[in-house]
Amino acid sequence: MFTGIVEELGEVVAVERLEDAARLRIHGPRVVSDARHGDSIAVNGVCLTVVTVGDGEFTADVMAETLHRSSLEALGPGSPVNLERALALGARLGGHIVQGHVDGTGALVERIPGDHWETVRFSVPAHLCRYIVEKGSITIDGVSLTVVEAPVTGGVGEPVLGVGLIPTTLALTTLGRVLPGDPVNLEVDVLAKYVERLLAPGSPAVVPAVPGTASDPAAEARG
C-alpha cells in the first residue's frame, strides 16, 4: 500500500528483456536505504517487488501482464521514474490510499501554464471515467493528485481529465518532464470500485451474524 507521495526521482539504469518479462535496474539511493529482498517499491505507480539491492540501486522483475497494462514497457536506460516505498504503519497518509495496481494508461494532452502552477490534461480510457470525480483523487504515474476537471464521456475523442501541478510536483516528479503524447499510468480511487461492486444489481448483501442476537440463526432456533 502506498500514499502517492513520491519520495525520490530515480533513474532506470538498465532493462533486461526476457522472453515473457523484463528485469529493471533502477538507481534510487533514498528508497533503497532500508530496502531488502521482497520489499515493495512503487515505480511510476506500479508496485514492484525488490529482487536485489546494492550501490544505491535495486532490481525488480516485471511480468508480461504488467508490461502490457502499464507504461513500464516504454522505459529504457536513462528514463526518470517516480519512486515510493510502501507505507509504514503509523506513518502520515499525506496523499490517499494507493495500491500500486494500474487500472489503465492515458497520455498527456496539453499543459496550461499559470502564474504559480500548471493545469495539465490527460486522456483517460472511457471505462475509467465513472470512477473519477471533481475534487476526488487520482494517481498519475504514482503521484497522488486532486482532480480539477472530471472527464466527460460521449464527446469526440477520448475523455480528458485535468489536474493542477504545483512547482514542487513539476520539479520533483516525472510529471514536469512528460511531453504531449507520452503515456502515463492511471490508478483510480479503489474506494469507488468497492462501492460500485457493493451497489451492483445482484451483488450479495451479506450481514454477518452477531452471536446471541436476532441475526444469529442459532439464537432464532433456540427461540
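Before reading on, note that the structure itself is shown above.
Parameters at a glance
Residues numbered from 1 in each chain as written. Predicted model: local features only at pLDDT ≥ 70, side-chain atom pairs only at ≥ 80, totals over all residues. Heavy atoms only, no water. Pairing = 2+ DSSP bridges. Helix = DSSP H or I, 4+ residues; strand = E, 2+ residues; numbered from the N terminus. Core = buried A, V, L, I, M, F, W, Y, C linked by side-chain atoms within 4.5 Å. Buried < 20%, exposed > 50% of the residue type's maximum accessible area, 1.4 Å probe, protein only. Contact = heavy atoms within 4.5 Å. Axes fitted to C-alpha atoms, helices over the stretch in contact; angles between N-to-C directions. Salt bridge = Lys/Arg side-chain N within 4 Å of Asp/Glu carboxyl O. Patch = residues over 30% accessible without salt bridge, like charges linked within 9 Å, V, L, I, M, F, W, Y side chains within 5 Å. Areas by Shrake-Rupley, 256 points an atom, 1.4 Å probe, with all protein chains shown as cover.

### Points about the pairing of strand β10 (residues 143-149)
Reasoning step 1: Relative to β10, strand β9 (residues 137-140) runs antiparallel, the two sharing 4 bridges. Bridged to Ile138 within β10 is Leu145.
Reasoning step 2: In textbook terms, the turn of a hairpin is the stretch between consecutive antiparallel strands, and for β9 and β10 this stretch comprises 2 residues, one of which, Asp141, has a positive phi near 50°.
Reasoning step 3: As judged from the 2 bridges shared by β10 and strand β11 (residues 160-165), these two strands associate in the antiparallel manner. Along β11, the bridge assignment pairs Glu149 with Gly162.

### A closer look at the nonpolar core
Reasoning step 1: Among the nonpolar cores identified, the biggest contains 21 residues, and Phe122, Ile138, Ile140, Leu145, Val163 and Leu175 are the most heavily contacted of them.
Reasoning step 2: Counting only elements with at least two residues in this core, the list comes to β8 (118-123), β9, β10, β11 and β12 (183-188).
Reasoning step 3: Not counting chain neighbours up to four residues away, the residues in contact with Val163 comprise Glu118, Thr119, Val120, Phe122, Ile138, Ile140, Leu145, Thr146, Val147 and Val148.
Reasoning step 4: Within the second largest apolar cluster, 20 residues are counted, among which are Ile26, Ile41, Val46 and Leu48.

### Concerning the sheet that holds strand β2 (residues 21-27)
Reasoning step 1: Pairing within the closed barrel is antiparallel, and its 6 strands lie in the order β1-β2-β5-β4-β3-β6. In this sheet, neighbouring strand axes are inclined to one another by 45° on average, regardless of whether the strands run parallel or antiparallel.
Reasoning step 2: Two elements, strand β1 (residues 8-17) and β2, share 6 bridges in a ladder whose sense is antiparallel. In the sheet register, Ala14 faces β2, and the bridge partner there is Arg25.

### Structural notes on unusual backbone geometry
Reasoning step 1: In this structure, Asp55 takes a positive phi of about 55° despite not being glycine.
Reasoning step 2: With respect to the helices and strands, the residue Asp55 is situated in the loop between β4 (46-54) and β5 (57-63).
Reasoning step 3: By relative accessible area, Asp55 is classed as exposed at 77%.

### Remarks on the pattern of salt bridges
Note on pairing: side chains with opposite charge can pair once their charged atoms come close.
Reasoning step 1: According to the stated counting rule, one finds 10 salt bridges in the structure shown.
Reasoning step 2: The shortest N-O distance in the salt bridge between Arg25 and Glu57 comes to 2.8 Å. Taken together, the positions of Arg25 in strand β2 and Glu57 in strand β5 put the pair 32 residues apart, joining distant regions of the chain.
Reasoning step 3: Given the relative accessible area of 17%, Glu57 is considered buried.
Reasoning step 4: Here Glu118 and Arg111 are joined by a salt bridge, their closest N and O atoms 2.8 Å apart.
Reasoning step 5: Accessibility expressed as a relative area gives 24% for Arg111, which makes it partly exposed.
Reasoning step 6: What emerges from the salt-bridge pattern is a single network uniting Glu7, Asp34 and Arg85.

### A few points about a nonpolar patch on the surface
Reasoning step 1: Together, Met1, Leu87, Leu93 and Ile97 make up a nonpolar patch on the protein surface, roughly 340 Å² of accessible area in all.
Reasoning step 2: Within the secondary structure layout, Leu93 lies in the loop between β6 (80-85) and β7 (104-113).

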